[in-house]
Structure formats: structure tokens, C-alpha cells
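# Structural overview
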Amino acid sequence: MYKNILLAADGSNNALRAANEAIKIASLSNESVIDIVYVADYEKTKEDVLHASSADELMIERRKKIQNVEKALKDNNVSYKVTILHGLPGPEIIKYANERKMDIVVIGSRGLNSLQEMVIGSVSHKVMKRVYCPVLIVK
Amino acid sequence: MQSLKQQWFGNVRGDILSGIVVALALIPEAIAFSIIAGVDPMVGLYASFCVAVIIAFVGGRPGMISAATGAMALLMVPLVRDHGVEYLLAATILTGIIQILFGIFKVAKIMKFIPNAVMIGFVNALAILIFMAQVPHFIGISNMTYVFVAITLVIVYTLPRFVKAIPAPLVALVILTAVAMFSGFELRTIGDLGNITQSLPSFLIPNVPFNFETLQIILPYSLALAIVGLLESLLTAQIVDDMTGTASNKNKEARGQGIANVVTGFFGGMAACAMIGQSVINIKSGGRGRLSSLVAGSFLMFLIIVLGDLVVKIPMSVLVGIMIMVSIGTFDWSSFKYLAKAPRTDAIVMLATVIIVVYTHDLSIGVLAGVLLSAIFFVVKISTLKVERKNSHYIVKGQLFFASTDGFIDYFKSTDINEKEITIDFSNSRIWDDSGVAALSKVKDMLRDEGIEAKVIGLDTSSQKVVQQLDGISSSH
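Residues numbered from 1 in each chain as written. Chains lettered and ligands numbered in written order. Predicted model: local features only at pLDDT ≥ 70, side-chain atom pairs only at ≥ 80, totals over all residues. Heavy atoms only, no water.

Here we take up the overall build of chain A. Across its full length, chain A carries seven helices and five strands. The helix and strand sequence of chain A, counted from the amino end, reads β-α-β-α-α-α-β-α-β-α-α-β. The globule rule puts the C-alpha radius of gyration for 139 residues at 14 Å, and the 14 Å found for chain A is close to it. For chain A, the spread of C-alpha atoms along the three principal axes comes to 45 × 30 × 25 Å. Long-range contacts, defined as pairs at least 24 residues apart, comprise 77% of the intrachain contacts of chain A with a sequence gap of at least 6. For chain A, the exposed surface amounts to about 7500 Å²; the carbon and sulfur share of it is 50%. A gap of 4 Å separates the mean positions of the 20 positive and 17 negative side-chain charges of chain A. (Helix = DSSP H or I, 4+ residues; strand = E, 2+ residues; numbered from the N terminus. Rg over C-alpha atoms; globule rule 2.2 N^0.38 Å. Contact = heavy atoms within 4.5 Å. Areas by Shrake-Rupley, 256 points an atom, 1.4 Å probe, with all protein chains shown as cover. Lys, Arg positive; Asp, Glu negative; His and termini not counted. Charge placed at Lys NZ, Arg CZ, Asp CG, Glu CD.)

Below, the structure is given as C-alpha cells:
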């Protein structure tokens with residue numbers, strides 16, 4: 001059974017669709033825990049810090065970004081926890097999933113920025129290639 | 001917070017590698033900022049060496065990189081122009097002393113009172129000034145200058161997509177310096193603007209008269225440098241805190257910046273502070289500990305001693321290209337979204353900060369003006385009190401205190417009330433002081449004279465306390 005489910009979230013609608021699939025997988029077992037992982041991107045740290053009046057406000061701002069996903073999980077009575085990582089989204093998710101020996105990674109196919117995707121490649125593609133466990137990419 | 005041993009040796013491999021990357025990225029900036037300040041490149045290079053090395057030991061934020069910066073260089077321009085470099089060194093020492101005092105008196109806390117709008121204005125103004133400082137070095141000099149600037153920009157923006165390990169500015173620097181040397185193009189070089197000394201800095205006391213007049217000259221500059229240096233350092237510390245997910249000691253950092261500047265002044269370097277861009281490069285390259293700053297500073301000095309002959313051959317146009325990149329990276333591009341979305345007053349404060357800095361060329365004046373302006377906006381906002389009427393029910397919205405009593409009284413003076421009995425609802429308000437209580441009883445008296453009985457409801461506990469304390473004095477009983 002899939003016990004430890006990593007759900008990558010970035011505030012997009014894709015992430016919400018991924019959440020719905022993660023819920024389906026989690027509902028197969030009572031022991032399942034979904035770990036919602038949000039990566040605070042290094043490229044945006046300066047902007048984030050500059051526009052937040054305190055470290056606490058910044059924390060809340062980031063939690064707001066995954067509120068849509070959190071709500072979906074709460075509504076479906078799935079047990080979950082929230083993890084905020086710092087770094088580049090792709091590598092951080094991969095490192096975290098492999099270190100924690102996740103059973104499955106669920107990730108949306110496309111994040112927020114399509115231009116960035118064209119230039120540096122999509123996060124989901126990188127994750128799929130380098131994570132040891134199965135990956136579910138949600139369209 | 002981590003133990004000191006952890007801060008030094010918790011990440012040796014990562015710190016050494018990132019320190020080398022930062023040293024390579026620092027060279028062009030340290031030279032360019034020296035040129036902005038109007039001093040020899042060595043003044044910025046010595047500053048970067050001394051400060052990076054000293055801050056590794058005394059700083060409060062491991063992993064943060066401090067060296068010669070644009071913000072500080074811009075403040076020094078008039079001092080160097082009017083009085084010379086010796087006065088700059090004296091001002092640097094005084095800047096350090098002021099920062100040490102700031103650290104001791106825990107001034108880092110006041111950072112909280114500097115609104116976001118001012119900080120956003122600060123970085124944007126800094127970016128604009130760095131860009132403007134480049135203009136005389138590339139507009140209308142020669143066609144080859146434009147070509148070199150353009151090629152530099154192409155290299156620094158496209159190369160990082162393919163090569164991540166070596167800083168792109170360094171690649172541009174090496175390639176284009178080689179091209180310039182072997183092709184014999186007519187280009188201005190760093191050597192035309194200053195000298196490179198291939199030796200370690202040595203201790204010297206600034207050659208200025210030690211009297212009140214000197215103090216009068218340097219004190220305003222030192223104060224501005226101390227404030228701006230601390231502002232940028234503490235902002236950078238917050239960014240590094242967030243990137244690494246660890247806490248730092250801001251007062252220790254303020255004190256550390258001070259110590260570093262005092263020492264730097266005695267070793268022929270200009271006042272320095274933390275650098276946002278370089279610190280981000282350090283963290284991204286895997287740097288986390290104090291060792292990274294020590295390696296960055298030492299390796300920078302090593303490179304200058306070994307390669308100093310080549311450094312003077314670097315064309316100015318390449319440096320200009322790198323500085324344009326730095327200014328684009330410094331600018332907060334989300335500001336445009338901010339201008340549209342933020343409250344009107346915040347947007348005005350941000351724009352005012354930028355405009356004042358660009359006009360005065362002084363970041364400290366812009367910051368002070370921005371803080372003052374937002375304080376005024378805050379007072380206006382907090383002292384605005386509204387009363388909403390629903391039949392005989394009057395709902396007070398806002399804070400009732402000495403600054404807002406006029407609005408409260410005027411409302412009841414100017415409103416025609418037909419009912420014999422009204423209620424004044426304070427559940428969306430609070431009475432803060434005696435003036436508020438006085439205003440309330442004045443309004444009640446005024447209404448009673450017109451034959452209207454006013455009942456006050458919805459006072460919260462703390463407002464009730466203020467009202468009760470003055471119960472005996474109030475004329476309405």
C-alpha cells in the first residue's frame with residue numbers, strides 16, 4: 001500500500017488536481033499520510049522577503065499558497081502534514097522524496113510559469129526521472 | 001542557533017567551493033564599485049578582502065557575504081570628490097564605530113519599523129543609481145564599447161543555462177579581456193582609471209588632521225554609511241535566513257559589520273556591507289557556514305596578487321556590462337505588480353523613496369524620507385474616525401483618541417438628529433485616552449442640550465476602564 005505519499009504543491013490548479021488524485025490513493029489505506037511539500041524557490045527569495053513585513057507573515061503567505069490543497073485534503077478527512085522546503089523546486093523535491101523513502105510522489109504536470117518551463121524544463125519531468133519511487137504526474 | 005563549531009566546520013566542502021565561486025564573482029564588482037566611488041580599484045578590493053575575512057569571525061549570519069557594495073560606494077562619491085581618499089578611510093573607521101554602537105544598543109530592532117514600501121524603494125533606487133553610474137562609461141565613447149557591452153550581456157544571460165559551476169561574469173571577463181588584448185581594439189581599460197597593487201594591505205592611520213573640522217566633514221557621511229550599510233546587511237541577513245531556514249543574530253551582525261569596517265579603514269579599504277547578490281550566489285553554490293566568507297575573501301586577495309597584471313587589462317566595457325546585469329538583478333521587478341495592487345499610500349511611499357534617492361543620489365535621505373512619509377500616512381489613517389448611521393443607531397468606526405476627537409465631535413455637531421433617544425455603538429471602536437473620554441462626554445452634553453438622550457453601548461473592557469477612571473470628573477453626571 002502507499003503509506004507515505006508526497007504531494008507537491010505550488011498554489012496552481014494543477015496541484016489541486018494532483019491533490020484529488022492523491023486523495024484517491026490515500027483512501028485505499030487507513031495508514032496513508034499525505035505530505036504536502038511546498039518549495040520556496042531560491043529565485044524568488046529576495047522578492048518574497050522584500051514584500052513581507054516579517055518572517056511570520058512570509059510563513060503565512062506560503063501557507064496560503066497551499067491552502068487550496070490543504071482544504072481539499074481536510075474536506076476528505078485524509079491525514080496530512082505540511083512541509084516547506086527551500087531551494088530549487090525540482091532538486092529539493094527529489095532529495096526529500098528519496099531521503100524520506102516516500103512510497104509515491106504525486107505532482108501536477110505543469111506549474112505556474114510556462115515560460116520558465118520552456119527554458120529550464122518542467123519540474124515534474126525532472127522529478128519523474130530522478131525519484132526512486134513511482135511518480136504520478138497529473139494532467 | 002547552531003554551535004560555533006557547526007557554523008565553521010559543518011559544511012567544509014560546500015563552503016570552500018562556494019567561497020571560490022564568490023571570490024570570482026566578487027572581483028568585477030569590487031573593482032566597479034571602487035570606480036563608482038571614485039577611488040583606486042585597490043580600495044574596493046582591500047575592503048572586500050578585509051571585510052569578508054573579518055566578518056567570517058565576528059558576523060552574526062554565517063553564509064552571508066559582505067564586501068564593497070554599490071549602496072555604500074554611491075554614498076561616498078561627494079566625500080571622495082571634495083576631500084580625497086584619506087577622508088574616506090577616516091569616515092570608514094567612524095562608520096564602523098557607529099555600527100558597533102548600533103549593535104550594542106540593539107538598533108537592529110528598529111528594522112521592524114521600516115515599512116516594506118521603503119525597502120522596495122531602496123533596492124529599486126539602488127538599481128537605478130548603479131545603472132546611471134555606468135552611463136558615462138559606455139554612452140558615446142566608441143562603437144566597439146557598445147559591442148563589448150552587448151557581448152558581455154549576452155554571455156552573462158545565456159551562459160548560466162548551460163554552465164552552472166563557473167560564474168558567467170567571470171567567463172565574460174576572461175574571454176573579452178583576451179579578445180581585447182590580442183585584437184588591439186581601442187578600448188578603455190581598468191588600468192586607465194586606476195592602479196592595481198599586487199600586495200597585501202598594510203596597517204596605516206588615515207592621513208587626516210585629527211580635529212573637530214575633520215569630524216564635521218566625515219560625520220554626516222559616516223552616519224549615512226552606517227545606516228545604509230546596516231539596512232542592506234539586515235535585509236540580506238533576512239534573505240539568507242529564509243534561504244537556509246535558519247535563524248541569525250542581527251545585533252551581533254550589526255556589531256560585526258562595525259568591527260569589520262573599523263579594521264578595513266585602517267587597512268586602506270572603503271566602508272562595506274553585506275551584498276544581496278553575492279550572498280544568494282554563495283547559498284546557491286552550497287555555502288552555509290562561516291568558512292565560505294573566509295575562503296571568498298582570502299581567495300579574492302590571492303587572485304589579485306597573482307593576476308593583478310591582467311586585471312588592469314580588463315576593458316571598462318565588460319565591467320559596465322556586468323554592472324548592468326547587477327542593476328537588473330538588484331531591481332525588484334515585482335514592483336510593478338506591487339504599484340497596482342498595494343494600498344495607494346504604500347505605492348506613494350515606494351515611489352517617493354525612489355525619486356528622492358535618484359534626485360539626491362543619497363540612499364539614506366531617501367530611506368529617512370520614506371519612513372517619515374509612511375509615518376505621516378499611518379497617523380492620518382489611524383486618526384481617521386467614521387460614524388455610520390442606522391436609524392437611531394450610530395456606529396463609531398476607528399480609534400477615538402486625542403488625534404481623532406475632532407472628527408467625532410464634528411460629526412455630531414453637523415448631523416441633524418430627530419430622535420429623542422439614540423445609541424452610540426462603540427463595538428467597532430476603542431477609546432484610548434482622556435481626550436477620547438472628554439470628547440464622548442462633550443458629545444453627550446451637547447446632545448442633552450438639544451433634548452436628546454444618548455446611550456453608549458459596546459465599549460470593550462479597556463475602553464470601559466478609561467471611561468470609569470474619569471467618571472467623577474465627567475460633567476455629565
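Glancing now at the domain arrangement of chain B. Structurally, chain B comprises domain 1 (4–332) and domain 2 (386–469). Using only C-alpha atoms to locate each centre, domain 1 of chain B and domain 2 of chain B end up separated by 58 Å. (Domains from an automatic or database assignment.)

Residue and element names in this part refer to chain B. In the contact formed by helix 6 (residues 116–138) and helix 17 (residues 363–382), the axes pass within 10 Å of each other and the chain directions differ by 155°. It follows from the interaxial angle that helix 6 and helix 17 lie roughly antiparallel. Between helix 6 and helix 17 the crossing geometry is right-handed. Mapping the contact onto sequence places Val 118, Phe 122, Ala 125 and Leu 126 in helix 6 and Leu 363, Val 367, Gly 370, Val 371 and Ser 374 in helix 17. Looking at the contact of helix 6 with helix 17 residue by residue, the classes come out as seven nonpolar, two polar and no charged. (Axes fitted to C-alpha atoms, helices over the stretch in contact; angles between N-to-C directions. Parallel < 35°, antiparallel > 145°, perpendicular 65-115°, else oblique. Left-handed = near helix turned anticlockwise from the far one by under 90°. Nonpolar A, V, L, I, M, F, W, Y, C, P; charged D, E, K, R; others polar.)

A volume near 810 Å³ is recorded for the second largest pocket. In terms of lining residues, the second largest pocket is bounded by 29 residues, among which Ser 54 and Ala 55 of chain A together with Gln 238, Asp 241 and Lys 250 of chain B are the most central. In terms of residue class, the lining of the second largest pocket is built from 14 nonpolar, nine polar and six charged. (1 Å grid on protein atoms, 1.4 Å probe; cavity = no way out; pocket = protein on both sides within 12 Å on 5 of 7 lines; lining within 4 Å. Points joined across faces, edges and corners; volume = space filled by probe spheres on them.)

Bringing the environment of Ser 29 of chain A into the picture now. Tracing the sequence through the fold places Ser 29 of chain A in the loop between helix 1 (13–26) and strand 2 (33–41). A polar atom in the side chain of Ser 29 of chain A sits 3.0 Å from the backbone nitrogen of Glu 31 of chain A. (Polar contact = N/O pair within 3.5 Å; in protein donor to acceptor, adjacent residues only side chain to side chain.)

This brings us to the interface of chain A and chain B. Taken together, the 14 residues of chain A in the interface contact 21 residues of chain B. The junction of chain A with chain B conceals about 1500 Å² of combined surface from both sides, 58% of it contributed by carbon and sulfur atoms. Looking at the side of chain A facing chain B, the largest losses of area belong to Tyr 42, Lys 46 and Leu 50 of chain A, adding up to 45% of the total buried there. Where chain A meets chain B, there are two salt bridges. Linking Glu 43 of chain A and Lys 284 of chain B is a salt bridge whose minimum nitrogen-to-oxygen distance equals 2.9 Å. At the junction of chain A and chain B, the tally comes to eleven residue pairs in polar contact (both at pLDDT 80 or more). Sorting the residues of the side of chain A that touches chain B by element identifies helix 2 (45–51) and helix 3 (55–65) of chain A as the ones contributing at least two each. The element that contributes the greatest number of residues to the side of chain A that touches chain B is helix 2 of chain A, accounting for six residues. (Buried area = accessible area lost by both parts, 1.4 Å probe. Salt bridge = Lys/Arg side-chain N within 4 Å of Asp/Glu carboxyl O.)

This part is about the nonpolar core. In this structure, Met 76 and Met 270 of chain B are the most contacted members of the largest nonpolar core, which totals 124 residues. Here this core takes 14 residues from helix 10 (residues 212–244) of chain B, the largest share from any one element. (Core = buried A, V, L, I, M, F, W, Y, C linked by side-chain atoms within 4.5 Å. Buried < 20%, exposed > 50% of the residue type's maximum accessible area, 1.4 Å probe, protein only.)

Turning to the sheet that holds strand 5 (residues 135–138) of chain A, a few remarks are in order. One key point about sheets: their strands pair by backbone hydrogen bonds, in either a parallel or an antiparallel sense. Residues and elements named next belong to chain A. The strand order across the open sheet built from five strands is 3-2-1-4-5, with neighbouring strands paired in parallel fashion. The sheet is open, and its two borders are formed by strand 3 (80–87) and strand 5, each paired with just one other strand. Across the sheet, the mean angle from the axis of one strand to that of its neighbour is 25°, orientation sign disregarded. Bridge count for strand 1 (residues 4–8) against strand 4 (residues 104–108) is three bridges, and the pairing is parallel. Bridge pairing in strand 4 places Leu 7 opposite Val 106. (Pairing = 2+ DSSP bridges.)

Glancing now at a positive patch on the surface. A cluster of like positive charges, contributed by Lys 44 and Lys 65 of chain A together with Lys 337 and Lys 341 of chain B, occupies part of the molecular surface. With respect to the secondary-structure elements, Lys 341 of chain B resides in helix 15 (residues 335–341). For Lys 341 of chain B, a relative accessible area of 70% translates into the label exposed. (Patch = residues over 30% accessible without salt bridge, like charges linked within 9 Å, V, L, I, M, F, W, Y side chains within 5 Å.)

Residue and element names in this part refer to chain B. This structure, assessed with the given rule, holds 17 salt bridges over all chains. In this structure, Asp 241 engages Lys 250 in a salt bridge whose closest nitrogen and oxygen atoms are separated by 2.7 Å. Note on Asp 241: relative accessible area 13%, which makes it buried. Judged by relative accessible area, which is 23%, Lys 250 ranks as partly exposed.

The next point concerns the side chain of Asn 14 of chain A. Tracing the backbone through its elements, the reader meets Asn 14 of chain A in helix 1. The exposure class assigned to Asn 14 of chain A is buried, which follows from its relative accessible area of 14%.

So, on to a nonpolar patch on the surface. Residue and element names in this part refer to chain B. A surface patch of nonpolar side chains, amounting to about 780 Å² of accessible area, comprises Met 181, Phe 182, Leu 200, Phe 302, Ile 305, Val 306, Leu 307 and Leu 310. Of the residues forming the nonpolar patch, the biggest block, five residues, is contributed by helix 13 (residues 290–311). Its location among the elements puts Val 306 in helix 13. Using a relative accessible area of 49% as the deciding quantity, one classes Val 306 as partly exposed.

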